[in-house]
Amino acid sequence: MLILNGKEVAKEVRSSLAPRVVSFVKEKGRSPHLSVVIVGDDPASHIYVKNKKLACESVGMTSTIHALPSSTTQQELNDHITALNQDDHVDGILVQFPLPQHLNSEEVLNLLSSEKDADGLTYSSLGYFFAGKPVVQPCTPAGVMTMLKHYKVPVEGMRAVVVGRSNIVGKPMAQLLTEANATVTVCHSKTKDLSEITRQADLVIVAAGKARMLGKDDFKKDAIVVDVGMHRGGPAGKLCGDVRFEELEGWVQAATPVPGGVGPMTIATLLQNTCLLAEKRAGLR
């Protein structure tokens, strides 16, 4: 079984970004700047945010973390985002989800400037994306496509199944696979006989949000499996995905591990998006 190593591919993406960052600094006298807003004390979210900051710094970009207390009101969060929208030295903004329950994610996405939408998740960004004219692409699906291209997976003509239909992963993932000329089926929590469908697929992208949901018997021999999930519900309390990875050896052709698969690609794409937004705002693209 081929391990689709997101860490290695992400290194190549970051290497390709470094010269663009250098050019931007020469032109503008500063580096591209990503601001990350996080509300509350969720440990996993704080780890993700820290990793994003370190990744930015690894290619010479600037990243600022705005850590707001869990008591932050909707108006306070909105005011903070508005200030970042208006800050000319900020090129990309990312709001770390999930937000505390008392805060409205839709209101945040409506407020965030599409010119600084590093995650590609505002309604304006998604509208351009689904119209085939993206400004930036949603990070996780775009990262998956970059990884598949790196490993020369022949997506064109494949029967692909996406398990999950969120705006963050499932829907844009199906769109990118369709644009790559795969024949795509989208499954979700209401799908009947899910395994019957996934077992017909050459390529399965699993973004169900349920730990260790699928295993060997859910995939056909020599399928390619991409696991987008990330949970702390694995054996001995380790990180795991939506797929029981240990069952796949000797059965599927290739698969992503968790951690070390899709996660690094999501962050690498975030850096690409931020750099692209910075270049566009500066008139360099």
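For the structure given in this document, a descriptive report is provided here. Treat the numbers as computed from the prediction; the structure is a model and nothing was measured.

1. Re the overall build of the protein
A tally of helices and strands in the protein yields nine helices and nine strands. Over its C-alpha atoms the protein spans a radius of gyration of 19 Å, differing by no more than 12% from the 19 Å that the globule rule assigns to 285 residues. In terms of overall dimensions, the protein has C-alpha extents of about 55 × 40 × 40 Å along its principal axes. Here the protein holds 285 residues, and the buried ones make up 49% of them. As displayed, the protein has an accessible area near 13300 Å², and 51% of this comes from carbon and sulfur atoms. Averaging the coordinates of the 31 positive side-chain charges in the protein and doing the same for the 30 negative ones gives two points 4 Å apart.

2. Let's talk about the pattern of salt bridges
Taken as a whole, this structure holds twelve salt bridges when the rule is applied. K53 is the partner of E57 in a salt bridge, and the nearest nitrogen-oxygen pair spans 3.2 Å. A residue pair is termed a helical-turn pair when its members lie 3 or 4 positions apart in one helix, as E57 and K53 do in helix α2 (residues 43-58) at four residues. A salt bridge links E196 to R199; the nearest nitrogen and oxygen atoms lie 2.6 Å apart. Counted as one network, the salt bridges with shared partners bring together R30, D88, D91 and R281.

3. Quick notes on the packing of helix α6 (residues 139-150) against helix α9 (residues 262-281)
Viewed as axis vectors pointing N to C, α6 and α9 meet at an angle of 110°, and their least axial separation amounts to 8 Å. With respect to α9, the axis of α6 lies roughly perpendicular. Contacts between α6 and α9 involve C139, T140, A142, G143, V144, T146 and M147 on the former and, on the latter, V262, M265, T266, T269, L270 and N273. Grouping the amino acids of the contact of α6 with α9 by side-chain chemistry returns seven nonpolar, six polar and no charged.

4. Regarding the sheet that holds strand β4 (residues 92-95)
Within a sheet, adjacent strands bond to each other through the backbone by hydrogen bonds, running parallel or antiparallel. The strand order β3-β2-β4 describes an open sheet built from three strands, whose pairing is parallel. In this open sheet, the two strands that pair with only one neighbour each are β3 (62-68) and β4. Each neighbouring strand pair of the sheet contributes to a mean axis angle of 15°, computed without reference to strand direction. The pairing of strand β2 (residues 33-39) with β4 spans four bridges and is classified as parallel.

5. Description of the packing of aromatic side chains
If you walk through the whole model with that rule in mind, you get one aromatic pair. With 5.1 Å between their ring centres and 75° between their planes, F129 and F130 make a pair best called edge-to-face.

6. Description of the sheet that holds strand β6 (residues 183-187)
Sheet architecture is open: six strands sit in the order β1-β9-β8-β7-β5-β6, paired in parallel fashion. Each having just a single partner strand, β1 (2-3) and β6 make up the two edges of the open sheet. The sheet strands contacting helix α7 (residues 170-179) are β5 (159-163), β6 and β7 (203-206), and the helix crosses β5 at an angle near 170°.

7. As for helix α3 (residues 74-86)
Here α3 spans 18 Å end to end across 13 residues, near enough to the 18 Å set by a 1.5 Å rise per residue. When we look at burial in α3, the residues that qualify are Q74, L77, N78, I81, L84 and N85. Down the axis of α3, the smallest arc covering the buried residues is 125°, so these residues share one side. Close packing links the buried residues of α3 with β2, β3, β4 and α4 (105-111).

8. Some remarks on empty space enclosed by the protein
Over the atoms rolls a probe the size of a water molecule, and its path tells where empty space is left. Per the stated rule, a full pass over the model turns up one cavity of 30 Å³ or more. Looking at the largest cavity, its volume works out to about 30 Å³. Lining of the largest cavity is provided by I93, L94, V95, F97, L109, L112, D117, D119 and L121. In terms of residue count, β4 provides more of the lining of the largest cavity than any other element does, three residues in total.

9. Description of the side chain of T269
Looking at the secondary structure, you find T269 in helix α9. Among the polar contacts listed, one links the side chain of T269 to the backbone oxygen of M265, at a separation of 2.8 Å.

10. Regarding the layout of surface pockets
Estimated volume of the second largest pocket: approximately 250 Å³. Together, 13 residues line the second largest pocket, and Q137, A142, T269, Q272 and N273 are the ones closest to its centre. Those elements that place two or more of their residues in the lining of the second largest pocket are α6 and α9. Here the lining of the second largest pocket gets four residues from one element, more than from any other, and that element is α9. In terms of residue class, the lining of the second largest pocket is made up of six nonpolar, five polar and two charged.

So, how was this worked out
- Residues numbered from 1 in each chain as written.
- Predicted model: local features only at pLDDT ≥ 70, side-chain atom pairs only at ≥ 80, totals over all residues.
- Heavy atoms only, no water.
- Helix = DSSP H or I, 4+ residues; strand = E, 2+ residues; numbered from the N terminus.
- Rg over C-alpha atoms; globule rule 2.2 N^0.38 Å.
- Buried < 20%, exposed > 50% of the residue type's maximum accessible area, 1.4 Å probe, protein only.
- Areas by Shrake-Rupley, 256 points an atom, 1.4 Å probe, with all protein chains shown as cover.
- Lys, Arg positive; Asp, Glu negative; His and termini not counted.
- Charge placed at Lys NZ, Arg CZ, Asp CG, Glu CD.
- Salt bridge = Lys/Arg side-chain N within 4 Å of Asp/Glu carboxyl O.
- Axes fitted to C-alpha atoms, helices over the stretch in contact; angles between N-to-C directions.
- Parallel < 35°, antiparallel > 145°, perpendicular 65-115°, else oblique.
- Contact = heavy atoms within 4.5 Å.
- Nonpolar A, V, L, I, M, F, W, Y, C, P; charged D, E, K, R; others polar.
- Pairing = 2+ DSSP bridges.
- Phe/Tyr/Trp six-rings, centres within 6.5 Å; stacked < 30°, edge-to-face > 60°.
- Expected span 1.5 Å × (residues − 1).
- Arc of directions from axis to C-beta.
- 1 Å grid on protein atoms, 1.4 Å probe; cavity = no way out; pocket = protein on both sides within 12 Å on 5 of 7 lines; lining within 4 Å.
- Points joined across faces, edges and corners; volume = space filled by probe spheres on them.
- Polar contact = N/O pair within 3.5 Å; in protein donor to acceptor, adjacent residues only side chain to side chain.

In short, shape yes, function no, at least from these values alone.
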